[in-house]
Amino acid sequence: MLTVAVLISGTGSNLRALLDAASHPDFPARVVVVGADREAAGFAHAETFGIPTFLVPWSHFDSREEWGAELAAQLRVWTPDLVVLSGLMRLLPADVVHEWAPNLINTHPAYLPEFPGAHGVRDALAAGVAETGASVIVVDDGVDTGPILARERVPVLPGDTEHTLHERIKPVERRLLIDVVRRVATGELDLAAAAAVPPEPTR
Ligand code: GAR
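Heads up: these notes are all about the structure in this document. Residue positions within a chain follow its written sequence, with the count starting from 1. The predicted nature of this model means local features are confined to residues of pLDDT at least 70 and side-chain atom pairs, given and counted, to a pLDDT of 80 or more, with totals for whole chains, interfaces and linings taken over all residues. Computation of side-chain values covers all heavy atoms of the structure but excludes hydrogens and water.

Looking now at the overall build of the protein. Scanning the protein from terminus to terminus reveals seven helices and seven strands. This radius of gyration counts C-alpha atoms alone. The globule rule is 2.2 Å times how many residues there are, raised to the power 0.38. Over its C-alpha trace the protein gives a radius of gyration of 16 Å, about what one expects of a compact globule, namely 17 Å for 203 residues. Referenced to the eigenvectors of the C-alpha coordinate spread, the extents of the protein come out at roughly 45 × 45 × 35 Å. In the structure as shown, the protein presents an accessible area of about 9200 Å², 54% of it carried by carbon and sulfur atoms. Charge assignment: positive for Lys and Arg, negative for Asp and Glu; neither His nor the chain ends contribute. Just so you know, the charge point we use is NZ for Lys, CZ for Arg, CG for Asp and CD for Glu. Seen as two clouds, the 16 positive and the 27 negative side-chain charges of the protein have centres 6 Å apart. A helix here means a DSSP run of H or I that spans at least four residues, while a strand means a run of E at least two residues long, and both kinds are numbered starting from the N terminus. Using the Shrake-Rupley algorithm and a 1.4 Å probe, accessible areas are obtained, with residue cover drawn only from the displayed protein chains.

For each residue, the test is whether any non-hydrogen atom lies within 4 Å of the molecule or strand; if one does, the residue is near. In the vicinity of the ligand, 14 residues are found, and the nearest of them are Thr11, Gly12, Ser13, His166 and Glu173. One of the side-chain nitrogen or oxygen atoms of Thr11 is found 2.6 Å away from an oxygen atom of the ligand. Two N or O atoms count as a polar contact when they lie within 3.5 Å, although within protein this holds only if one can serve as hydrogen donor and the other as acceptor, and sequence-adjacent residues are included solely when both atoms are side-chain atoms. Here an oxygen atom of the ligand sits 2.6 Å away from a polar atom, N or O, in the side chain of Ser13. Notes on the ligand: free accessible area 450 Å², of which the protein chains cover 93%. Every element with two or more residues in the shell around the ligand is listed here: α1 (13–22), β5 (104–108) and α6 (162–186).

Bringing a negative patch on the surface into the picture now. Surface patches are defined over residues having more than 30% relative accessible area and no salt bridge, joining like charges when they lie within 9 Å and nonpolar side chains (Val, Leu, Ile, Met, Phe, Trp, Tyr) when within 5 Å. A carboxyl oxygen of Asp or Glu within 4 Å of a side-chain nitrogen of Lys or Arg is what we treat as a salt bridge. Where like charges cluster on the molecular surface, the negative patch consists of Asp62, Glu65, Glu66 and Asp95. With respect to the helices and strands, Asp62 occurs in the loop between β3 (53–55) and α3 (64–78).

Let's shift gears to the sheet that holds strand β7 (residues 148–155). When DSSP locates at least two bridges between a pair of strands, those strands are taken to pair. Read from one edge to the other, the open sheet built from seven strands follows the order β3-β2-β1-β4-β5-β6-β7, with strand pairing classed as mixed. The sheet is open, and its two edges are formed by β3 and β7, each paired on a single side. Between one strand and the next, the sheet's axes are offset by a mean angle of 20°, whatever the strand orientation. Pairing analysis gives three bridges linking strand β2 (residues 29–36) to β3, with the strands arranged parallel. The axes are straight lines fitted to the C-alpha atoms, using for helices just the contacting stretch, and the angles between their N-to-C directions are given from 0 to 180°.

Exposure classes here rest on a 1.4 Å probe applied to the protein chains alone. A residue is buried below 20% of its type maximum, exposed above 50%, and partly exposed in between. Across the eight residues of strand β6 (residues 131–138), seven count as buried, placing the element largely inside the fold. For β5 and β6, the ladder comprises four bridges, and the chain directions are antiparallel. Along β6, the bridge assignment pairs Asn106 with Ile137. Across seven bridges, β6 lies against β7 in antiparallel orientation. Looking at β7, one finds that Gly133 is bridged to Arg153.

What follows deals with the nonpolar core. In these notes, a set of buried Ala, Val, Leu, Ile, Met, Phe, Trp, Tyr and Cys residues joined through side-chain atoms within 4.5 Å is what counts as a nonpolar core. Counting residues in hydrophobic clusters, the biggest one holds 40 residues, and the most contacted among them are Val6, Val34, Ile105, Leu149 and Val181. Should any heavy atoms of two residues lie within 4.5 Å, those residues are counted as being in contact. The residues contacting Val6, other than those within four sequence positions of it, are Leu15, Leu18, Val31, Val33, Val34, Gly35, Val84 and Ser86. In terms of nonpolar packing, the next biggest core, distinct from the first, is built from 19 residues, Val56, Leu85, Val97 and Leu104 among them.

Another point: the packing of aromatic side chains. The aromatic pairing rule takes the rings of Phe, Tyr and Trp, using the six-membered ring of Trp, and pairs them if the centres are within 6.5 Å, calling planes under 30 degrees apart stacked, those over 60 edge-to-face and the rest tilted. Applying the stated criterion to the full structure yields one aromatic pair. Ring centres of Trp58 and Trp67 lie 5.2 Å apart, and the angle between their planes is 75°; on these two criteria the pair is classed as edge-to-face. Accessibility expressed as a relative area gives 24% for Trp58, which makes it partly exposed. Judged by relative accessible area, Trp67 falls into the buried class, the value being 0%.

What follows is the structure in structure tokens.
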């Protein structure tokens, strides 16, 4: 059984979907802990499922490195096989990435390498593209530059706002995330092998 730690910053709707999937007896992974950089609303989902949580408040640390060191220390307590960034809106310091990668994956609301960064949905809308997407990647030292494990196109519709577009992307993101976690757990997807493939050039 693959053990998974999930890191969030916000509402945790993708976390919720993963918890729902993992509660099924046939699913080959279990979420063992949920962490966050702030008092995230998504902690409520962990509580619903009886999953332990930890908080490493960004605002309590003087540097990204100190925050990351505490986050890594909290993760180590749970010795997860896989760490999922599911809406964690902070960049991890390089030593934390190096400690966990390639067993460190991130979901992103765009068709990477298009529209990386904190505003993937807003940036796609601003660019006026007809379609954007959702991606799951291995985390590397860059901002959403790691090897792509899964991605799928999502149309941008006339009149879309950042909210309506994001709400259309999220169900796709959830499906991709759950499928990637399942495939990692069954051995169908080898993260070390996937991480060895050079990333696509960014636009
Ligand atoms: C998700 O769309 C996730 O991909 C995005 O934040 C949202 C979190 O939603 N993350 C990023 O944009 C990271 N660059 P949730 O808290 O409802 O799961």
